[in-house]
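# Working through the structure, step by step
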Amino acid sequence: MNKPQVHAHLMEGWTRAITKLGKGKFADALEISTVALDKQLTGSMPGFDIIDKAMDACPTVLDEYIRAKGKRIVDENAVCDTDDASLLIARLLVKLQEAEHPDSPGGRNIVHSELLGMESLIRQLNGATSNWLHQIEQIRRPRSVA
């Protein structure tokens with residue numbers, strides 16, 4: 001990744017942080033002026049000390065850059081979406097069985113309130129299966145011969 005690409009990914013996070021916190025508050029968190037912040041947004045590469053302060057102000061500020069590198073950052077004590085995949089599947093299966101039960105609000109049809117109640121589990125399972133598919137793609141990827 002070249003310097004302009006790195007900068008573009010960083011500034012996606014900066015823009016999101018500004019939307020969330022406001023320009024002045026984000027600049028204050030970085031301990032820089034809004035003028036200096038504008039310079040970064042238009043092309044000046046922030047130093048690592050500023051990037052560190054940005055992570056403190058908005059923990060997702062590096063997401064686009066990290067994603068472009070094919071990596072992800074998680075909290076040290078985070079439970080990753082594949083750590084307890086069988087438990088996740090079982091929990092979602094129970095919710096699904098309850099939603100499809102004839103005595104449920106929609107009968108055998110899943111209604112919006114039931115679907116919304118399963119959203120978090122569905123998203124976690126989607127993350128787990130996405131990770132598995134990525135691993136499968138890596139296994140099936142043709143390897144070059146030296």
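In this report, we go over the structure that sits alongside the text. (Residues numbered from 1 in each chain as written. Predicted model: local features only at pLDDT ≥ 70, side-chain atom pairs only at ≥ 80, totals over all residues. Heavy atoms only, no water.)

For any pair of aromatic rings, the description rests on two quantities: the centre-to-centre distance and the angle between the ring planes. Taken as a whole and assessed by the stated rule, the structure comprises 1 aromatic pair. Look at Trp 14 and Phe 26: their rings are 5.8 Å apart centre to centre, the planes differ by 85°, and that puts the pair in the edge-to-face class. On the criterion of sequence distance, the pair formed by Trp 14 in helix α1 (residues 3–21) and Phe 26 in helix α2 (residues 23–30) is long-range, its members being 12 residues apart. You'll find Trp 14 and Phe 26 in the same group, each marked buried. (Phe/Tyr/Trp six-rings, centres within 6.5 Å; stacked < 30°, edge-to-face > 60°. Helix = DSSP H or I, 4+ residues; strand = E, 2+ residues; numbered from the N terminus. Buried < 20%, exposed > 50% of the residue type's maximum accessible area, 1.4 Å probe, protein only.)

Okay, the packing of α1 against helix α3 (residues 34–41) next. For the pair α1 and α3, the least separation of the axes is 10 Å and the interaxial angle reads 140°. As summarised for this structure, α1 and α3 are arranged oblique, according to the angle between their axes. Packed against α1, whose contacting residues are His 7, Met 11, Trp 14, Thr 15 and Ile 18, the element α3 presents Leu 37, Gln 40 and Leu 41 at the interface. When grouped by side-chain class, the residues that make up the contact of α1 with α3 number 5 nonpolar, 3 polar and no charged. (Axes fitted to C-alpha atoms, helices over the stretch in contact; angles between N-to-C directions. Parallel < 35°, antiparallel > 145°, perpendicular 65-115°, else oblique. Contact = heavy atoms within 4.5 Å. Nonpolar A, V, L, I, M, F, W, Y, C, P; charged D, E, K, R; others polar.)

Mapped onto the elements of the fold, Gly 117 is located in helix α7 (residues 112–140). Along the chain, Gly 117 and Lys 95 lie 22 residues apart, while their C-alpha atoms are 8.4 Å from each other.

As enumerated under the stated definition, the model contains 4 salt bridges in all. Close ionic contact of Glu 31 with Lys 53 constitutes a salt bridge, the shortest N to O distance being 3.1 Å. You can see Glu 31 sitting in the loop between α2 and α3 and its partner Lys 53 sitting in helix α4 (residues 48–57), a full 22 residues away along the chain. In this structure Lys 53 comes out as partly exposed when scored by relative accessible area, which is 22%. One salt bridge connects Glu 119 with Arg 123, and the closest N-O pair in it is separated by 2.9 Å. With Glu 119 and Arg 123 both in helix α7, this residue pair falls 4 residues apart, about one helical turn. (Salt bridge = Lys/Arg side-chain N within 4 Å of Asp/Glu carboxyl O.)

Attention now moves to the nonpolar core. Membership of the largest hydrophobic core comes to 18 residues, with the highest contact counts inside it found for Leu 10, Trp 14, Phe 26, Leu 30, Leu 37 and Val 61. Among the elements that take part in this core, α1 stands out by supplying 6 residues, more than any other. In terms of nonpolar packing, the next biggest core, distinct from the first, is built from 6 residues, Leu 88, Ala 99, Met 118 and Leu 125 among them. (Core = buried A, V, L, I, M, F, W, Y, C linked by side-chain atoms within 4.5 Å.)

Let us look at α2. Of the positions making up α2, those classed as buried are Phe 26, Ala 27 and Leu 30. Each buried residue of α2 sits inside an arc of 100° when the element is viewed along its axis, so together they form one side. Those residues of α2 that are exposed and angled more than 90 degrees off the buried face are Lys 25 and Asp 28. Lining the buried residues of α2 we find α1, α3 and α4. Once α2 finishes, Glu 31 follows within two positions and takes phi at roughly 60°, a positive value. (Arc of directions from axis to C-beta.)

Purely spatial values, then, with no claim about function.
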